[in-house]
Amino acid sequence: QAEPREDVYRGSVKDFQGFDANQDAEALYNAMKGFGSDKEAILDLITSRSNKQRVEICQAYKALYGKDLIADLKYELTGKFERLIVSLMRPPAYGDAKEIKDAISGVGTDEKCLIEILASRTNQEIHDLVAAYKDAYERDLEADIVGDTSGHFKKMLVVLLQGAREEDDVVSEDLVEQDAKDLLEAGELKWGTDEAQFIYILGRRSRQHLRLVFDEYMKIAGKPIERSIRGELSGDFEKLMLAVVKCIRSTAEYFAERLYKAMKGLGTRDNTLIRIMVSRSEIDMLDIREVFRTKYEKSLYNMIKEDTSGEYKKALLKLCGGDDDAAGEFFPEAAQVAYRMWELSAVKVEDITLAGLACGSTVIAGTDEGAIIEVLTKRSNAQRQQILKAYKAHYGRDLMADLKSELSGSLAKLILGLMLTPAQYDAKQLRKAVEGAGTDESVLIEIMATRNNQEIKAINEAYQEAYHKSLEDDLSSDTSGHFKRILVSLALGNRDEGPENATQAHEDAKKLADVSSNDSSDSLETRFLSILCTRSYPHLRRVFQEFIKMTNHDVEHAIKKRMSGDVRDAFVAIVRSVKNKPAFFADKLYKSMKGAGTDERTLTRIMISRSEIDLFNIRGEFIDLFDKSLHHMIEKDTSGDYRKALLALCGGED
């Protein structure tokens, strides 16, 4: 794993040769003079100077014009671009101090920012940060953090704030074994968790020592330390400890993952993106780029390019330093853009023709399964819907019907499933689960417990349209008792979507924990239903934390102890989905393949339904939980074209 190489400079921004602070100050002054400002000139100059040089430019600007350069930049620029440029002007320690000040002032705390900075900085960087905070705000950083956080999360932050991690590289094998044993006894082997041990060992020991402790832990516990942390700790404390472990293993990989998460999906977390691009540009940006390229199969440069725009984009790309994609290296700019457009165009004639040829629906007889897999697994669901329409317009035939008659077995189920919209596919799985003799409760639970309000509403509509009956009626007539009530409640798609409410969470936890004997078991299930099926995910996470505080037990443990059958399974599925949905699916995928025989229905269903939602995260959880990649397990456990199609959906090998 790429670690900053101490002997070689791994930043992307270097000192500018022939630097002249007065000349640069004058150039910036001219760029901001008059009406409007020359943003291009500002970004070119500032992104090509090192931080030390930028600080000198600030001093020269004040000496020449009697004005504050940062104040002028703030006045002339706006939005994200302004935030980025102004961040570049601050010395690193003052940049960190400003981020932390913003994270703890105002309403609510930005815990992710605190975690990122305090888990990743070296002792020296922490000392500089504490001093800068004192200098800039005339306040004590530790006192401010103590006032704004609580519990074990607060204790660990205070330990990290001391900047007292051991730094010697001489490692004692005896101490490594002892620490690994202490961590195991503090967590997995203990009723409840001894958080103090985790805090002491992970907060104080040297990086070199801890890497060996993690290896030793793996040997004696049979699982990575991350998995134990997920199982034993919770909330912000859990996130902080995981971040510390990731940074110990590889700071570059930690930041690559943070950058990827800041840009993937809808919307961009610009504050995170700016903070990391600025703070790592003179430390380990080259290592981060290297890890990013390997881990996500695309360059950091390309992801920034696709995800941002305008001067903001140009400045970020300059900080990134270069494009690590092969395409970027060999394609001239114009060809690259054209190729990208071609790649993104919704439906190409080739898709329709290939689909036609592959189904043997033109002159060529026989089916080319490979071509079908190639076309359909490489297109998004929206694109497949367009291929269906285009196929009909082109050949006057129904592509679904052609695929049905040409394919068979597991491959047919997988490919036909991919051609339905997500809501149609879920509706069909639910229909299959309730029709005929016997009900497949596990399918009902898996789908109903994990879909969000929007998805549930779309499933209801698709179900009504396909089967001319309401989903609620079919669930009601096919199940009974508390289990029926749980499913009907979930089928409303009416879960609250607000943030957590601490007071309410405490009350809810009390309700769940109440086992007073005068209650019939009826009201126990009713209480769980009224909370687990209606509260928002963030709120429920808080409820689960409160529950642990009250009872010293995890809520899942309580459900398993006090309930049975489908009711128990449904509640457990909801709890696991709330805690960590990708881990819930990773576990189901693993169970579908382990041991003799493969549960292909479950495997197919999850691979299709999560392929455009969180399959990437599921892959990450899978390797954490089972120490083998999903790709590897599919490869070992399936065969032929079915395997080929599953692996194409799975994406890379982790």
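Residues numbered from 1 in each chain as written. Predicted model: local features only at pLDDT ≥ 70, side-chain atom pairs only at ≥ 80, totals over all residues. Heavy atoms only, no water.

A. Representation of the overall build of the protein chain within the structure. Per the secondary structure count, the protein chain includes 41 helices and 0 strands. Taken over the C-alpha trace, the protein chain has a radius of gyration of 28 Å; the compact-globule value for 654 residues is 26 Å, and the two agree within 12%. With the C-alpha coordinates of the protein chain rotated into their principal frame, the extents come out at 85 × 75 × 50 Å. Residue burial in the protein chain is summarised as follows: out of 654 residues, 48% are buried. Contacts spanning at least 24 positions in sequence make up 70% of the contacts within the protein chain whose residues lie at least 6 apart. Here the protein chain has roughly 30,200 Å² of accessible surface; of this, 50% comes from carbon and sulfur atoms. (Helix = DSSP H or I, 4+ residues; strand = E, 2+ residues; numbered from the N terminus. Rg over C-alpha atoms; globule rule 2.2 N^0.38 Å. Buried < 20%, exposed > 50% of the residue type's maximum accessible area, 1.4 Å probe, protein only. Contact = heavy atoms within 4.5 Å. Areas by Shrake-Rupley, 256 points an atom, 1.4 Å probe, with all protein chains shown as cover.)

B. Region of the structure containing the packing of helix 35 (residues 537–551) against helix 37 (residues 565–593). Relative to each other, helix 35 and helix 37 sit at 110°, their axes nearing to 10 Å. Here helix 37 runs roughly perpendicular to helix 35, going by the angle between their axes. Contacts from Y537, L540, R541 and F544 in helix 35 reach V575, S577, V578, K579 and K581 in helix 37. For the contact of helix 35 with helix 37, the class distribution of residues is 5 nonpolar, 1 polar and 3 charged. (Axes fitted to C-alpha atoms, helices over the stretch in contact; angles between N-to-C directions. Parallel < 35°, antiparallel > 145°, perpendicular 65-115°, else oblique. Nonpolar A, V, L, I, M, F, W, Y, C, P; charged D, E, K, R; others polar.)

C. The side chain of S12, seen in detail. Tracing the backbone shows S12 in the segment before helix 1 (21–31). A distance of 2.5 Å separates the side chain of S12 from the backbone oxygen of L319, its partner in a polar contact. Discounting residues that sit within four places of it in the chain, S12 has contacts with S281, M285, L286, L319, C320 and G321. (Polar contact = N/O pair within 3.5 Å; in protein donor to acceptor, adjacent residues only side chain to side chain.)

D. Quick peek at a positive patch on the surface. Taken together, the side chains of K404, K413, K428, K432 and R601 present a region of like positive charge at the surface. Note on placement: K432 falls in helix 28 (residues 422–434). (Patch = residues over 30% accessible without salt bridge, like charges linked within 9 Å, V, L, I, M, F, W, Y side chains within 5 Å. Salt bridge = Lys/Arg side-chain N within 4 Å of Asp/Glu carboxyl O. Lys, Arg positive; Asp, Glu negative; His and termini not counted. Charge placed at Lys NZ, Arg CZ, Asp CG, Glu CD.)

E. Inspection of the environment of H506 at higher detail. Here H506 lies in helix 33 (residues 502–513). Take H506: its relative accessible area is 34%, and that puts it in the partly exposed class. Taking C-alpha positions, H506 is 20 Å from R576, a pair spaced 70 residues apart along the chain.

F. Up close: the confidence of the model for the protein chain. With 91% of its residues at a pLDDT of at least 70, the protein chain reaches an overall mean of 89. Here residues 1–5 is a poorly scored stretch, pLDDT under 50, and it has 20 contacts once near neighbours within four places are set aside; other chains count. Every residue in residues 326–350 scores below 50 in pLDDT, and together they form 28 contacts with partners more than four places removed in sequence or on other chains. (pLDDT = per-residue confidence, 0-100.)

G. Expanded view of the packing of aromatic side chains. Counted under the stated rule, the structure contains 16 aromatic pairs. Judged by centre distance (5.3 Å) and plane angle (75°), the ring pair of F584 and F585 falls under edge-to-face. Residue classification places F584 among the buried positions, given a relative accessible area of 9%. For F585, a relative accessible area of 0% puts it in the buried group. With a centroid separation of 3.9 Å and an interplanar angle of 5°, the aromatic rings of Y590 and F626 are classed as stacked. Here the residue Y590 occupies a position in helix 37, and F626 occupies one in helix 39 (residues 615–626), the gap between them amounting to 36 residues. When sorted by exposure, Y590 lands in the same class as F626, which is buried. Taken together, the ring pairs connect Y260, F292, Y296 and F616 into an aromatic cluster. Sitting above the plane of the F16 ring, R49 keeps its charged end 3.7 Å from the centroid. In this structure, K101 is placed above the aromatic ring of Y137, and the distance from its NZ or CZ to the ring centre is 5.5 Å. (Phe/Tyr/Trp six-rings, centres within 6.5 Å; stacked < 30°, edge-to-face > 60°. Lys NZ or Arg CZ within 6 Å of the ring centre and 35° of its normal.)

H. Geometry of the pattern of salt bridges. Across all of its chains, the model carries 48 salt bridges by this definition. The shortest N-O distance in the salt bridge between R230 and D624 comes to 2.8 Å. A residue pair is termed long-range when its members are at least 10 positions apart, and R230 in helix 14 (residues 225–232) and D624 in helix 39 qualify at 394 residues. Between R431 and D474 there is a salt bridge, with the nearest N and O atoms lying 2.8 Å from each other. With a gap of 43 residues between them, R431 in helix 28 and D474 in helix 31 (residues 471–478) connect regions that are remote in the sequence. Take D474: its relative accessible area is 5%, and that puts it in the buried class. Ionic contacts of the salt-bridge type, sharing partners, join the residues R83, E99, E116, R258 and R275 into one network.

I. Expanded view of the packing of helix 16 (residues 251–263) against helix 19 (residues 300–307). Their axes nearest at 10 Å, the elements helix 16 and helix 19 cross at an angle of 20°. Here helix 16 is positioned roughly parallel relative to helix 19, judged by the angle of their axes. The handedness of the crossing between helix 16 and helix 19 is left-handed. When helix 16 is examined against helix 19, the residues L259, Y260 and M263 are found in contact with a partner set consisting of L300, M303, I304 and D307. In terms of residue class, the contact of helix 16 with helix 19 is built from 6 nonpolar, no polar and 1 charged. (Left-handed = near helix turned anticlockwise from the far one by under 90°.)

J. Quick look at the nonpolar core. Counting 97 residues, the largest nonpolar core has L73, I100, L118, L202 and M277 as its most contacted members. Looking at which element gives the most residues to this core, the answer is helix 15 (residues 235–249), with 9 residues. Not counting residues within four places of it along the chain, the set of residues in contact with L118 comprises I100, I126, L129, I145, L157, L160 and L161. Judged by nonpolar contacts, the second largest core, of 94 residues, contains L403, A433, A513 and A586. (Core = buried A, V, L, I, M, F, W, Y, C linked by side-chain atoms within 4.5 Å.)

K. Helix 29 (residues 441–450), seen in detail. A large share of helix 29 lies buried, amounting to 8 of its 10 residues. For helix 29, the complete set of buried residues consists of V443, L444, I445, E446, I447, M448, A449 and T450.

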